[in-house]
Amino acid sequence: GFITEDTYRGVAFIMRHEQRLMGDFVDFWRVFEAHLFKYPHIKFGIMVALLGLKRIGKGQIIDFASNLVGSESYFMTSNPSRDLWGTNGTTCMLGKMLGRLAEPKHKEYTADPGAMRVWVTDNPVPMKAMREQAANYKNYLRLIHDGNELVLPDFELEGRLAQCLCSDHWKKTLDAAAY
């Protein structure tokens, strides 16, 4: 396949969008993304938190990253205490490289903050199928928290949380121009 002019435009668009939304954090974000492909067998060890108002484009950036890894390597949940480290069984995480925690409630993290730290830093991790005993499995999952506010203090993750306060300034400018 050849790279077309539309491909260049699309990549330029997403890179501009990342820069406008994240500012100086964009360099860290690009290292985070590149790590998925350069070292897929090594866990990144830091959870990224994209924080900001609704509808400013955080989800578009995460969707772009999820398209790069493919649907079989991506998952999304707003209830991680149930779906990731909780009671529903976690063997569905086998082979996942990227996970989006979409606006989870405060109680999702505070009930057992150590459980999330395991998923951010440890390999192997204990996983279980429903109604079965847990076993240790290799896991290379990278987590992205997508929300309006920080729901877990960084000290709970022992310095393993990179937070980005996303800017809505460019969106205000575009919205004003539309009227």
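In the block above lies the structure referred to throughout.
Rules behind the numbers
- Residues numbered from 1 in each chain as written.
- Predicted model: local features only at pLDDT ≥ 70, side-chain atom pairs only at ≥ 80, totals over all residues.
- Heavy atoms only, no water.
- Helix = DSSP H or I, 4+ residues; strand = E, 2+ residues; numbered from the N terminus.
- Buried < 20%, exposed > 50% of the residue type's maximum accessible area, 1.4 Å probe, protein only.
- Contact = heavy atoms within 4.5 Å.
- Salt bridge = Lys/Arg side-chain N within 4 Å of Asp/Glu carboxyl O.
- Pairing = 2+ DSSP bridges.
- Axes fitted to C-alpha atoms, helices over the stretch in contact; angles between N-to-C directions.
- Core = buried A, V, L, I, M, F, W, Y, C linked by side-chain atoms within 4.5 Å.

Right, let's talk about the overall build of the protein chain for a bit. What the protein chain contains, in helices and strands, is 7 helices and 7 strands. Along the chain direction, N to C, the helices and strands of the protein chain fall in the order α-α-β-α-β-α-β-α-α-β-β-β-β-α. Counting only residues that meet the buried cut, the protein chain has 44% of its 179 residues in that class. Expressed as a percentage of contacts within the protein chain between residues at least 6 apart in sequence, the contacts between residues at least 24 apart total 71%.

Going through the model one piece at a time under the given rule, you end up with 7 salt bridges. The partner of Arg9 in a salt bridge is Glu5, and the shortest N-O contact between them spans 2.7 Å. In this pair, Arg9 and Glu5 are both assigned in helix α1 (residues 5-22), 4 residues apart and thus about one turn of the helix distant. In this structure Glu5 comes out as exposed when scored by relative accessible area, which is 55%. The residue Glu103 makes a salt bridge to Lys54 at a minimum N-O spacing of 3.5 Å. Residue Glu103 is located in the loop between β3 (98-102) and α5 (106-110), and its partner Lys54 is located in the loop between β1 (47-51) and α3 (58-69); the two are separated by 49 residues in the primary sequence. Judged by its relative accessible area of 28%, Glu103 is partly exposed. The network of salt bridges with common partners includes Lys58, Asp63, Arg100 and Asp146.

Further remarks concern unusual backbone geometry. Cis geometry marks the peptide bond from Asn123 to Pro124; its omega dihedral reads 5°. Its location among the elements puts Pro124 in the loop between α6 (113-121) and β4 (125-127). Phi at Arg55 is positive, roughly 65°, even though this residue is not glycine. Non-glycine residue Glu103 carries a positive phi angle of around 45°.

Turning next to the side chain of His35. Relative to the helices and strands, His35 resides in helix α2 (residues 26-38). If we ignore the near neighbours within four places in the chain, the residues touching His35 are Pro40, Ile42, Lys43, Phe44 and Arg142.

In this section: the pairing of β3. Counted residue by residue, β3 has 5 buried out of 5 residues, so it is predominantly covered. Every second residue of β3 is oriented toward a common face, with Leu98, Arg100 and Ala102 on one face and Gly99 and Leu101 on the other, all of them buried. Examined bridge by bridge, strand β2 (residues 74-77) and β3 share 4 bridges and lie parallel to one another. Counterpart to Tyr74 in the pairing with β3 is Leu98. Relative to strand β6 (residues 142-147), β3 runs parallel, the two sharing 5 bridges.

All right, on to the sheet that holds β1 then. Overall, parallel pairing links the 5 strands, which are arranged β2-β3-β6-β1-β7 in an open sheet. Only two strands of the sheet have a single neighbouring strand rather than two, namely β2 and β7 (161-165). Direction aside, neighbouring strands of the sheet carry axes that sit 20° apart on average. Seen against the sheet, α2 touches β1, β3, β6 and β7 and runs at an angle of roughly 140° to β6.

If you look at the biggest cluster of nonpolar residues, it comprises 22 residues, and the most contacted ones within it are Met22, Phe25, Trp29, Phe32, Leu50, Leu98 and Ile144. Counting residues per element, the ones that place at least two in this core are α1, α2, β1, α3 and β7. Core analysis: the next-biggest nonpolar cluster, separate from the first, contains 19 residues, Ala49, Trp85, Leu101 and Val120 among them.

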